[in-house]
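# Per-entry structural report
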Amino acid sequence: MKPSDPAFRPTEPYHILIKPTGAVCNLDCKYCFYLSKEALYPDSDFRMSEAVLERYIRQLLESHPGLQVPLAWQGGEPTLMGLEYFRKAVQFAEQYKRPDQELQYSIQTNGVLIDAEWAKFFHDHQFLVGISIDGPSDLHDSFRVDKGGAPTHNQVMRGFKHLAEHQVEYNVLCTVNAVNSLYPLKVYRYFRDDLQARYLQFIPIVERTNGAAVSDRSVDAGQWGRFLIEIFDEWVRRDVGTVFDTMFEDALANWLGVPAGTCVFNPTCGSALALEHNGDLYSCDHFVTVEHLLGNIGEVPLADMIASASQQKFGQDKKDTLPKYCRECPVRFACHGGCPKDRFITTPDGEAGLNYLCAGYKQFFQHIDLPMNFMANELRSRRSPMRVMEQVDSMTKMATDSE
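Residues numbered from 1 in each chain as written. Predicted model: local features only at pLDDT ≥ 70, side-chain atom pairs only at ≥ 80, totals over all residues. Heavy atoms only, no water.

The mixed open sheet is built from 10 strands, whose spatial order is β9-β6-β5-β4-β3-β2-β1-β10-β11-β12. Two strands bound the open sheet, and with one partner strand each, they are β9 (244-245) and β12 (293-296). Pairing analysis gives 3 bridges linking strand β11 (residues 280-282) to β12, with the strands arranged antiparallel. The residue bridging Y282 from the neighbouring strand is L293, located in β12. (Pairing = 2+ DSSP bridges. Helix = DSSP H or I, 4+ residues; strand = E, 2+ residues; numbered from the N terminus.)

Turning next to the confidence of the model for the protein. The share of residues in the protein with pLDDT of 70 or more is 95%, and the mean pLDDT across the chain is 95. Here residues 1-9 is a poorly scored stretch, pLDDT under 50, and it has 13 contacts once near neighbours within four places are set aside; other chains count. (pLDDT = per-residue confidence, 0-100. Contact = heavy atoms within 4.5 Å.)

Before going further, it helps to spend a moment on empty space enclosed by the protein. All chains considered together, the criterion is met by 1 cavity of 30 Å³ or more. The space that makes up the largest cavity amounts to roughly 120 Å³. Taken together, 13 residues make up the lining of the largest cavity; nearest its centre are C326, C329, C335, G337 and C358. Put simply, the parts of the chain that give the lining of the largest cavity at least two residues each are α11 (324-327), α12 (332-335) and α13 (358-367). Per-element accounting of the lining of the largest cavity gives the leading share, 3 residues, to α13. Tallied by class, residues from the lining of the largest cavity come to 8 nonpolar, 3 polar and 2 charged. (1 Å grid on protein atoms, 1.4 Å probe; cavity = no way out; pocket = protein on both sides within 12 Å on 5 of 7 lines; lining within 4 Å. Points joined across faces, edges and corners; volume = space filled by probe spheres on them. Nonpolar A, V, L, I, M, F, W, Y, C, P; charged D, E, K, R; others polar.)

Okay, here's the thing in structure tokens:
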């Protein structure tokens, strides 16, 4: 069967971030890596047409191998498209889905434009809404500002309250930068206690400027490791089973020997792609460059591009280019070199390709070894991993005594 055959489908599930406004956003977050992507499309109005939207959804539903099919929007700021665009997207999805398919809608947003009408729509169509927020106002407003440089926390919270009032399922995405990384428990407790958030994702800000240099907004490896450790130590004592952190979930998967939920901590990548507003498909959200353009869905079927040799190589390169230092590392099974975008420093032996955050990852994964082993064994024995909360203090004493 040829890839261009309509019945062809990639064999592994994949996830595509739809960028309907490209890099256009109503905020001007100082660390945003995507705003510069406007330069790729100098004459564009940065709005995904209805024709492109319909073509993408049809091709996605025809080719996706899983019974659960994600439709995920990101930006820039996707809500700038307006609510009618998303009503049309749902209409197309319901029109083209196969009887055995379940649609999973999600959107990542800064929350500024969300009102009661948006929230009702998200609730009615079971959208998972990711809210981008970097902690309480004094931390959030350090870098997440509007086009005039003004703080945005209060605007985000107005949108957040509409979501809560309409019982919309939401999670929190927090970037970890040079400022909020110094206050891990303040950030974590704000999400857990003030926002009542139960699903968290922490993403490190690493802004490469020149060679191995990074911006002063970036979190360094030591800060990143300490940030994760302090939150983990609180979580493992009181919040296992009630608060879910993507990093901890991925770690537990790797301790169990099953695939992690995100590409960052899997051996290979390439299954998380980005679709620009004009239908251009790129290898990854972090590699929206001319070199990583796979084609356009108006010219090449989506399935062909995902299964292409260049995309398969892109994913396999994550594993194949690991330096010897990583291949021999005792926590490689948990880390797998991290995200390739951050692998730009040299190893102690002078080999290229080490993750900028390596020291922090290594510190974190070594720190959590005993409780992760315990939880993994509980799951293998069909018991609840929540029992770790009763055991963690004795594990800490055991680890201290062995040093």
